[in-house]
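Observations on the model geometry
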Amino acid sequence: MRPFGHDEKDRPVIRKRRPTMEDGLPSKDEILAFIAENPGKAGKREISRAFGISGGARIGLKRLLKELTEDGHIEKNRKRLVKTGELPAVGVYRILERDAEGDLIGVPVNWEAGEEGPPPRLLIEPDKKSKAIPGVGDRVLAKLIDREIDQFELPGVRQAVRVIKILPKREDSILGIYRRDPVNGGGRLVPIDKKTQELSIDDASKGEASDGDLVAVSITRSGRSKTPRAHVSEVIGPMASEQAVSMIAIHALGIPYIFPDAVMAEAERATPPDLRGREDWRDVPLITIDPADAKDHDDAIYAELDEDPANEGGVIAYVAIADVAYHVRMGGTIDREALKRGNSVYFPDRVVPMLPERISNDLCSLREGEDRPSMAVRMVFDKSGKKKRHSFHRVMIRVAAGISYNQAQSAIDGNPDEITGPIRESILKPLWAGYEVLKAGRDAREPLELDIPERKLTLKPDGTIDSVYVPPRLDAHKLVEEFMIQANVAAAETLEKHKQGLIYRIHDNPSPEKLEGLREFLQSIDLSFPKGGNLRPSMFNIILRRTAETEHAPLVSQVILRSQAQAEYNPENIGHFGLNLLKYAHFTSPIRRYADLVVHRALIAALKLGDDGLPVGFDGKLADIAAHISTTERRAMAAERDTKDRLIASFLSDRVGARFKGKISGVTRVGLFVQLSETGADGFIPASTLGYDYYHFDETNHQLVGEATGETFRLGDSVDVKLVEAAPFAGALRFEMLSEGRRHPKGKAPSHLTRNGRGNGGFAARGRKKPGTTRPRTVKPRGKKGRKH
């Protein structure tokens, strides 16, 4: 039987149309509409059939199609017509990322950005009949498919493609480690990508490479029966250096890191502005509070008590942000490069900036004692922390002092130094008084209070790890954070009031599926989570507080974190669930985020603060920009995470065989992820190396459960492990479990998890075979397609 919607020749059934022109030919608009409604399916034959064109009229149709092609409205792709800028029926795509749900997201390889804007993001579906599984970084040949995309699950993704085949790796630039062969001479390339085979490098092709260097190579010779040989095109540096490790992530994820000459030339021509068109705020004692090693400073703050008798106990808060829009003009070479990068990328000892240093570290950095142009907001709060009013200004400021978080906190705690001592009473104490008022408003708002520690790496001069630590969370951090949040809210409110298009920072509610999973998990530890009603962050905070002093605290925090949606940029506002805010837009870091630069330009346009704001009619481009910078943000996060993983794997590579304490940080069908307490490093334990049992994956309770023994390994459990393998190039660690798992009270797995049980039949993975025993055969889980593990 033919699938519904196809005729006897297996051609797509296309509804016929009635031409409106007297000569029996459709108009050009009708042809374009038809092609748009049938992407990748409309050829000359299908158009003729749909409009009932036959005989000599086909000559007229051919003329119309030629005119549309010459005018640039349509183009030909594999004997089918598509509107210019639309995706072909079959094309080549590059996979950018895997989202939190495991879906692959990619972009078309051959996409002319120009007038079409950033490339569209697509859902990449693997070929279910193929054993080859595509991954991040792969290039695939794929065809468009009809699939309804849930914009809440996959924001910014409008279409889907199915993989036809995975294309070979591009061989014009391969990254790897050069290894010298001291016996036979010459050398070889050990690729960073595990899927790429080793390559031979003879002495004439190694250039300046030394043993252990990270290099980029190009292929000089290959053949079916011969090992490909390579020529070193770039020596990046010794693998032990941090720069080399960060370059792996930069190359692997395609992060632009070299500014074109035209961008650098434009940056060098930039000059500081004068006071014309600006308010003079140089007497306002604003200060910057940043990490001690910060190289650029894009926000300054100040607070004072409100002397208005009608606002007793209230405060006035000032936030001034570097006026990047003045120096980075829309459409210029710097602007185009900034949009391409989307954001700065921060590595342990290296920054890939969004803007050239002449802009980010010089003209736009709010340096102590120097005049700097700024976009500023003045906010008035009552004593309960509720904002009464605010106003934006384009100003000139002069920062009174630039200090670190630790300096600010020490001064408030009674230990000022030579810098903070003179400003403790006049600036720092009023700031803290202002924070107490804003904190009261935050407490009343009750945002999600997940406190996930962030580990920092310190490096030795040679770029290797010196130490791994968790910096303390100071009130100074919280103070700056709350001032920035309130400035961001004010920006969104102002732009909405003036009906000006903008890019919001949105954070959706957890999906019903994730909430149900959380609810089932909490029930397993005798906690409940309400169903229905208006979901609020405070509901999660109640659970966090109830478990704060119990053994379940780390596990509950992890499960709640995993139930949350991912924040993103979007011109359509749905609010920010985590912060419990209805209107929120990033305004405070235009040096390092393109989203903030767009918001600055929107404010300039809405408030008529200059001629460098968003132009009229720009709103239609905001969706593509938002999708693009959401992607670059995730790319930056992946690069930073991968670099830390590689550095720590290298740091631990000489401790193979050592014993460590850690916690189970992830549970999957095929094994456990463990995070070490000492370094925060993550490693994997395959289920096949666990105890002598058949382990079932209990997804609801985030655990693996032994069928015969009931031995259970659960998310959040404290365990002892042995490091058995470290792969620094890939940033991978493999552990062996030394701890016994929890034991089920009945001494075996619950019946709904066993292979003979009549419950939901969880997926299973076999542990080690006990000597002298026979491993039971794998049984397909009831109600699901069988799968070997």
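Read on for an overview of the structure. Remember, predicted model here, so these are calculated numbers, not experimental data.

**A short note on the overall build of the protein**
Along its length, the protein carries 17 helices and 34 strands. Out of the 789 residues in the protein, the part that is buried amounts to 49%. Look at the contacts in the protein between residues 6 or more apart in sequence, and 65% of them connect residues 24 or more apart. Per element, the accessible surface of the protein, about 39600 Å² overall, is 48% carbon and sulfur.

**Some thoughts on the side chain of Thr643**
Note on placement: Thr643 falls in helix H17 (residues 622–652). Within polar-contact distance, the side chain of Thr643 engages the backbone oxygen of Ala639 at 2.9 Å.

**Some remarks on helix H2 (residues 44–51)**
Listed in full, the buried residues belonging to H2 are Glu46, Ile47, Ser48, Ala50 and Phe51. Gly52 occupies a position one or two residues after H2 and carries a positive phi of about 65°.

**Looking at the environment of Val437**
By secondary structure assignment, the location of Val437 is in helix H11 (residues 424–445). Here Val437 falls in the buried class, since its relative accessible area comes to 9%. C-alpha of Val437 to C-alpha of Gly385: the two residues are 52 residues apart in sequence and 4.9 Å apart in space. Beyond its immediate chain neighbours, meaning those up to four positions away, Val437 contacts Gly313, Val315, Phe381, Asp382, Lys383, Ser384 and Gly385.

**Remarks on the packing of H11 against helix H12 (residues 475–497)**
Contact pair H11 / H12: the axes reach a minimum separation of 10 Å and the direction vectors enclose 70°. One finds that H11 runs roughly perpendicular with respect to H12. When the axes of H11 and H12 are compared, the crossing they make is left-handed. On the side of H11, the interface is formed by Leu431, Trp432, Tyr435, Leu438, Arg442 and Arg445, while H12 contributes Asp475, Ala476, Lys478, Leu479, Glu481, Glu482, Phe483, Ile485 and Gln486. Residues of the contact of H11 with H12, tallied by class, amount to eight nonpolar, one polar and six charged.

**Some remarks on the nonpolar core**
Leu431 and Phe483 are the most contacted members of the largest nonpolar core, which totals 90 residues. The element contributing the most residues to this core is H12, with 10 residues. Discounting chain neighbours no more than four positions away, the residues touching Leu431 are Ile287, Ile289, Ile301, Tyr302, Ala303, Leu479 and Phe483. Counting residues in each nonpolar core, the second largest holds 69 residues, with Ile236, Leu448, Phe660 and Val674 among its members.

**Let's talk about the packing of aromatic side chains**
The final tally for this structure, using the stated rule, is seven aromatic pairs. Between Tyr695 and Phe713 the ring centres are 6.2 Å apart and the planes differ by 45°, which places this aromatic pair in the tilted class. With Tyr695 in strand S29 (residues 694–698) and Phe713 in strand S31 (residues 712–714), this pair connects stretches of sequence that are 18 residues apart. The exposure class of Tyr695 is buried, given its relative accessible area of 0%. According to the relative accessible area criterion, Phe713 is buried, its value standing at 2%. The ring of Tyr326 has Arg278 sitting right over it, with the charged end atom 5.5 Å from the ring centre.

**Observations regarding the environment of Pro472**
Structurally, Pro472 can be placed in the loop between strand S23 (465–469) and H12. With 66 residues separating them along the chain, Pro472 and Asn406 place their C-alpha atoms 9.7 Å apart.

**Re the environment of Asp283**
Structurally, the position occupied by Asp283 is in the loop between strand S13 (279–280) and strand S14 (287–290). Placed 114 residues apart in sequence, Asp283 and Ile397 show a C-alpha to C-alpha distance of 7.6 Å.

Procedures and definitions
- Residue numbering note: each chain is counted from 1, following its sequence as written.
- pLDDT decides what is reported in this predicted model: residues at 70 or higher carry local features, side-chain atom pairs at 80 or more are listed and counted, and totals for whole chains, interfaces and linings draw on all residues regardless.
- The basis for every side-chain value is the complete set of heavy atoms in the structure, and neither hydrogens nor water enter the calculation.
- Helix numbering and strand numbering both begin at the N terminus, where a helix is a DSSP run of H or I of at least 4 residues and a strand a DSSP run of E of at least 2.
- Burial status follows relative accessibility: with a 1.4 Å probe on protein chains alone, a residue under 20% of its type maximum counts as buried, one over 50% as exposed, and anything between as partly exposed.
- By the convention used here, residues are in contact when the closest approach between their heavy atoms is within 4.5 Å.
- The protein chains shown are the only cover counted for residues, whose accessible areas, like all others here, come from Shrake-Rupley with a 1.4 Å probe.
- Residues adjacent in sequence count toward polar contacts only when both atoms are side-chain atoms; beyond that, a polar contact is any pair of N or O atoms within 3.5 Å, and within protein one must be able to donate a hydrogen and the other to accept it.
- Here, axes are lines fitted to C-alpha atoms. For helices the fit covers the stretch in contact, and angles between N-to-C directions go from 0 to 180 degrees.
- Just so you know how the angles are binned, under 35 degrees is roughly parallel, over 145 roughly antiparallel, 65 to 115 roughly perpendicular, and the rest oblique.
- The handedness criterion is simple: a crossing whose near helix is rotated anticlockwise from the far helix by less than a right angle is left-handed, and one whose near helix is rotated clockwise is right-handed.
- Amino acid classes used here: Ala, Val, Leu, Ile, Met, Phe, Trp, Tyr, Cys and Pro are nonpolar; Asp, Glu, Lys and Arg are charged; the rest, including Gly, are polar.
- Buried residues of nine kinds, namely Ala, Val, Leu, Ile, Met, Phe, Trp, Tyr and Cys, make up a nonpolar core once their side-chain atoms join them within 4.5 Å.
- Paired rings are identified among Phe, Tyr and Trp, the last through its six-membered ring, by centres lying within 6.5 Å, and are further divided according to the angle between planes into stacked (under 30 degrees), edge-to-face (over 60) and tilted (the rest).
- Geometrically, a charge over a ring is one whose NZ (Lys) or CZ (Arg) sits within 6 Å of the ring centre while staying within 35 degrees of the ring normal.

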